[in-house]
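Coordinate inspection notes
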Amino acid sequence: MSRYLVVSATRAEAAHIPPALPVIITGIGKTTAATAVTKALMETDRTGLVVLNIGTAGALRPDREGLFLPGRVINHDISAESLRALGYDPRDELALEGGDDTVLASGDTFVTDPVVRDQLAARADLVDMEGYAVAFACDALGVPVRLIKHVSDSADAGAMAWPDLVDASAQVLGAFVADLVAQP
């Protein structure tokens, strides 16, 4: 039987998670997410633990809406090709067990520029700011992770309305997690 740890960047995204589940609020961005997740995992019994990283995401393509379980996550704002040319593996892409065919691009850039969105769309379906960091920390500590993302915006100027959009996504995320943990 799995035990769950819910990880969210903000309290707003986790507002509808069942109260019996432990929730870690990381703050926004890859650095805070990796640090908070690593700290939490080091302070808990990891036996049978599964991390559920919930949150909103921007759609990089017009046909992307609703809930997704990315099967691949990329670190989009690292100079991966340059590092590879220097002989280093930046591990800029992680495969996730149990995910769908969605690719999530994570970076410390809040994407509102259609040019940036379109460039990212060549590599991914969705964009967020923490998924890669959560997955990387879990991978490093041998803990399974599932990314659960709900599209809140189109990664354009409309993303600035995120504070008004987040609760609708949080409701969907909360209902999905409640159903998931209720399964035997």
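Our subject is the structure listed above.
In this report, the structure presented in the accompanying data block is examined. Predicted model, so just to flag it, every value in this text is computed and none were measured.

Regarding the environment of Gly55
Secondary-structure assignment places Gly55 in strand E3 (residues 49-59). By relative accessible area, which is 1% here, Gly55 ends up buried. Sequence spacing of Gly55 and Val166 is 111 residues, and the spatial spacing of their C-alpha atoms is 9.0 Å. Beyond its immediate stretch of four places on either side in the chain, Gly55 contacts Glu13, Ile148, Lys149, His150 and Leu173.

A look at the nonpolar core
With 26 residues, the main nonpolar core has Leu41, Val51, Val73, Val134, Cys138 and Val145 as its most contacted residues. Of the residues forming this core, the biggest block, 6 residues, is contributed by helix H4 (residues 131-140). Sequence-distant contacts of Cys138, that is, excluding residues within four places in its chain, are made with Val37, Leu41, Val51, Val143 and Val145. Counting residues in hydrophobic clusters, the runner-up holds 13 residues, among them Ala14, Ile17, Leu52 and Ile54.

Analysis parameters
Residues numbered from 1 in each chain as written. Predicted model: local features only at pLDDT ≥ 70, side-chain atom pairs only at ≥ 80, totals over all residues. Heavy atoms only, no water. Helix = DSSP H or I, 4+ residues; strand = E, 2+ residues; numbered from the N terminus. Buried < 20%, exposed > 50% of the residue type's maximum accessible area, 1.4 Å probe, protein only. Contact = heavy atoms within 4.5 Å. Core = buried A, V, L, I, M, F, W, Y, C linked by side-chain atoms within 4.5 Å.

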